[in-house]
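Per-entry structural report
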Amino acid sequence: MTHSLPVHPIIEREDLLERLGGRKGRAFSRSLRSKVHDGSRTLYRLMNPRLLFIKERIKKAEAGRVHLRGGITFKSRKLSRALHDSEEVICFLTTIGGQIDFEIKRMMRQGRLSEAFVMDALASVAVESVAEQFHRRMESTYSKNDKAPTLRFSPGYCDWPIGEQRKLFELFDSNTAGIELKDSCLMIPRKSISAVFGLYPFSGDFAHPPYNPCVDCTKTDCPSRRA
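Everything in this summary refers to the structure shown in the same document. (Residues numbered from 1 in each chain as written. Predicted model: local features only at pLDDT ≥ 70, side-chain atom pairs only at ≥ 80, totals over all residues. Heavy atoms only, no water.)

Concerning the pairing of strand 5 (residues 88-95)
- Judged by how many residues are buried, strand 5 sits mostly within the fold: 8 of 8 residues are covered.
- Here strand 2 (residues 50-62) runs beside strand 5; their pairing, made up of 8 bridges, is antiparallel. From the neighbouring strand, Phe-53 faces strand 5, where its bridge partner is Phe-92.
- Pairing between strand 5 and strand 9 (residues 192-201): 8 bridges, direction antiparallel. Residue pairing across strands places Ile-90 opposite Phe-197, the latter belonging to strand 9. (Buried < 20%, exposed > 50% of the residue type's maximum accessible area, 1.4 Å probe, protein only. Helix = DSSP H or I, 4+ residues; strand = E, 2+ residues; numbered from the N terminus. Pairing = 2+ DSSP bridges.)

Topic: the packing of aromatic side chains
- Taken as a whole and judged by the stated rule, the model has 6 aromatic pairs.
- Arranged with centres 5.1 Å apart and planes meeting at 70°, the rings of Phe-74 and Trp-160 form a pair that is edge-to-face. Placement of Phe-74 in strand 4 (residues 73-75) and of Trp-160 in the loop between strand 6 (147-149) and helix 6 (165-170) is noted, with a sequence separation of 86 residues between them.
- Three or more aromatic residues joined by ring pairs form one cluster here, namely Phe-53, Phe-92, Phe-134 and Phe-197.
- The residue whose ring lies beneath Arg-13 is Phe-28, and the NZ or CZ to ring-centre distance is 4.8 Å. (Phe/Tyr/Trp six-rings, centres within 6.5 Å; stacked < 30°, edge-to-face > 60°. Lys NZ or Arg CZ within 6 Å of the ring centre and 35° of its normal.)

Side note on the side chain of Thr-95
- Residue position: Thr-95 is located in strand 5.
- Side-chain polar atoms of Thr-95 contact the backbone oxygen of Lys-191, separated by 3.3 Å.
- Here Ser-192 takes part through its side chain, which lies 2.9 Å from a polar atom of the side chain of Thr-95.
- Not counting the four nearest positions on each side in its chain, Thr-95 is found in contact with Asn-48, Pro-49, Arg-50, Val-127, Ala-177, Ile-179, Pro-189, Lys-191 and Ser-192. (Polar contact = N/O pair within 3.5 Å; in protein donor to acceptor, adjacent residues only side chain to side chain. Contact = heavy atoms within 4.5 Å.)

Thoughts on unusual backbone geometry
- In this chain, Ile-188 is followed by Pro-189 through a cis amide linkage whose omega measures 0°.
- Checked against the element boundaries, Pro-189 lands in the loop between strand 8 (187-188) and strand 9.
- The phi angle at Ala-63 is positive, at roughly 55°, despite the residue not being glycine.
- Its location among the elements puts Ala-63 in the loop between strand 2 and strand 3 (65-68).
- Of the residues examined, Ala-63 reaches a relative accessible area of 62% and is grouped as exposed.
- Notably, Cys-158 is not glycine yet its phi reads approximately 50°, a positive angle.
- Position of Cys-158 relative to the elements: it lies in the loop between strand 6 and helix 6.

What to know about the nonpolar core
- Core analysis: the biggest nonpolar cluster contains 36 residues, and Leu-43, Phe-92, Ile-100 and Phe-134 have the highest contact counts within it.
- Residue assignment for this core shows that the elements contributing at least two residues are helix 1 (13-19), helix 2 (30-46), strand 2, strand 5, helix 4 (99-109), helix 5 (113-143) and strand 9.
- For this core, the element with the highest residue contribution is helix 5, accounting for 14 residues.
- Sequence-distant contacts of Ile-100, that is, excluding residues within four places in its chain, are made with Leu-43, Leu-46, Met-47, Met-119 and Ala-123. (Core = buried A, V, L, I, M, F, W, Y, C linked by side-chain atoms within 4.5 Å.)

Here it is in structure tokens:
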């Protein structure tokens, strides 16, 4: 069964600064501060955030495969290792809507490239904040049942091929929160996220942190690194 949740994107200053390529703790220039202020007002006026999720039973997760009860199999060694101790997986789709894409394109056509760059960064931080809030909400919800979420994984990251996106979308049938999957497996609107995370037993002396593939990865300059 597909569930929906009301979502409220939040723009955190430090997250935006990192997205814009700045160093943590650095102050915005007067010009950039003005663009961020105006861009934020436009963003909140245009965006239409949505989030859908489903919970699926895991039949088996081993040898680079995650077999779901419904018959779908995800292929990724790192994902199967992350979900090895999980009995269930939560799959979700979220977006802030397509009007932001149109606004960024309009700015670029008008030659307002710096404003378009800031708007793109604002939108990226907004949709990422929705995904992070949802993850934390599920962590709070399932902690009452002595369960904890693994890290989030998305098709196209780590060793999970982006082509696996089609399998993820199959789980939602035709209800995909207005997100269209292109032949390239990229999503429209661009500011959308698809991801999964497992739910594993987490209680007392048996508690352990979730597997983090970034610890074993030598690509230390990866912008998505979680280590």
